[in-house]
Amino acid sequence: MGFYLLMMGVTFTGLSQEKQLQYQSEYFVILVIDGPRYTETYGDTACTYIPNLCNTLMPQGTFFSNFRNNGPTFTVPGHTALMTGIYQRISNVGAGLPRNPSLFQYYIKERNALSSDAQIIASKGKLNVLSNTKNKQWKNKYRPYAYCGPNGNGIEYGPDRETVVKVKETLSGSEPPHLMLVNLLGVDVNGHGNNWKKYLDNIKYTDAYALEIWNAIQANPRLKDKTTLFITNDHGRHTEGHKNGFVNHGDGCDGCRHISLLVLGPDIPKNREISTEAEMIDIPSTIARMMHLGFPTGKGRFLSEIFTLKN
């Protein structure tokens, strides 16, 4: 309903007025494909390694071709930005907690929801830190459920295939979570391993996993036509010819900062590309607005251009 009001030219300012809009989406999934470079994904016009994303999923949603990580371009800082809506320098080995509460914590508190209603499922165990914050008013409170690393041990790296099995199992349940963040590590790990073939192979694998996850959403009557899926990255990799190229990441080069965002769901226009700049902290702010949640510490903006006729 909110989408149609905006299409008719009705605009609102402020959260109290925004509450008049009612989106069809009730569930939200953020799928993070860890560390592919744009040149090997959507920057390749032939979509050699991501045929499912380009040919099957893009026509069903809205694609941001100028999407950026404007903060530290590492895994834990990138995911922290996606969860808290603010960039911060944080240990990339999982040795520290985010400064601010996450969108998931705001949701659990405001809706008096169970921990299982907001979940983090990650191949990288160190992302377990996303389930908490060092903010004294929020620490150890309203924590989302975290299943990070092999068998959810919170410390090691697990295979993406097992992570996807856990994700699909969760999405097929009778009470799926209203919020979910998923991390797939294969691309990043094999890039760091300086294995070009395995790096490209894992881009193909995550392309297939993205379609599997979308299909799992569509297969559950609780989620079908009520779920928005954000498919994005936490960072890219060094531009070819810069430092050691695809092997690493972590600075402000365009290869590290230029990532991607594809959004699919019942409120999202189909087969559209938006070239205006947007950034990763905008994702949790957009979800908060669509869910009518207070999110005062988030610094991102609402991606209103998704819901308008013109880019």
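Details of the structure are given in the entry above.
In short, a report on the structure. (Residues numbered from 1 in each chain as written. Predicted model: local features only at pLDDT ≥ 70, side-chain atom pairs only at ≥ 80, totals over all residues. Heavy atoms only, no water.)

1. What to know about the state of the cysteines
Within this structure, the stated rule accounts for 1 disulfide. Between the sulfur of cysteine 47 and that of cysteine 54 lies a disulfide, 2.0 Å long from S to S. Looking along the S-S bond of the cysteine 47-cysteine 54 disulfide, the torsion reads about -65°, which is the left-handed sense. Take cysteine 256: it sits in no disulfide, and the sulfur closest to it among the cysteines is that of cysteine 253, at 3.5 Å. (Disulfide = S-S within 2.5 Å.)

2. A word on the pairing of strand β5 (residues 179–184)
Here β5 lies mainly inside the structure; 6 of its 6 residues are buried. Burial along β5 is two-sided: Leu179, Leu181 and Asn183 and Met180, Val182 and Leu184, pointing in opposite directions, are all buried. Pairing of strand β1 (residues 27–33) with β5 involves 6 bridges; the strand directions are parallel. Following the sheet pairing, isoleucine 30 is matched in β5 by leucine 181. (Buried < 20%, exposed > 50% of the residue type's maximum accessible area, 1.4 Å probe, protein only. Helix = DSSP H or I, 4+ residues; strand = E, 2+ residues; numbered from the N terminus. Pairing = 2+ DSSP bridges.)

3. Considerations on the pattern of salt bridges
For the coordinates displayed, the defined rule picks out 14 salt bridges. With its nearest N and O atoms 3.0 Å apart, the salt bridge here joins glutamate 212 to arginine 161. You can see glutamate 212 sitting in helix α8 (residues 196–219) and its partner arginine 161 sitting in helix α6 (residues 160–171), a full 51 residues away along the chain. In this structure glutamate 212 comes out as partly exposed when scored by relative accessible area, which is 22%. By relative accessible area, which is 34% here, arginine 161 ends up partly exposed. Its salt-bridge partner being glutamate 212, residue lysine 168 comes within 3.0 Å of it at the nearest N-O pair. Taken as a pair, lysine 168 in helix α6 and glutamate 212 in helix α8 lie far apart in primary sequence, 44 residues in all. Through salt bridges with shared partners, a single ionic network connects Asp34, Lys124, Asp188 and Arg237. (Salt bridge = Lys/Arg side-chain N within 4 Å of Asp/Glu carboxyl O.)

4. Let's talk about the pairing of strand β3 (residues 118–122)
Within β3, 5 of the 5 residues are buried, leaving the element largely enclosed by the surrounding structure. Pairing between β3 and β5: 5 bridges, direction parallel. Paired with isoleucine 121 across the strands is valine 182, a residue of β5. Relative to strand β4 (residues 145–148), β3 is paired through 4 bridges, and the arrangement is parallel. Paired with isoleucine 121 across the bridge in β4 is tyrosine 147.

5. Brief notes about unusual backbone geometry
With phi around 55°, asparagine 112 is a residue other than glycine that occupies positive phi space. With respect to the element layout, asparagine 112 can be found in the loop between α5 (103–111) and β3. Positive phi values are uncommon outside glycine, yet asparagine 194 reaches one of about 55°. Along the chain, the position of asparagine 194 falls in the loop between α7 (186–192) and α8.

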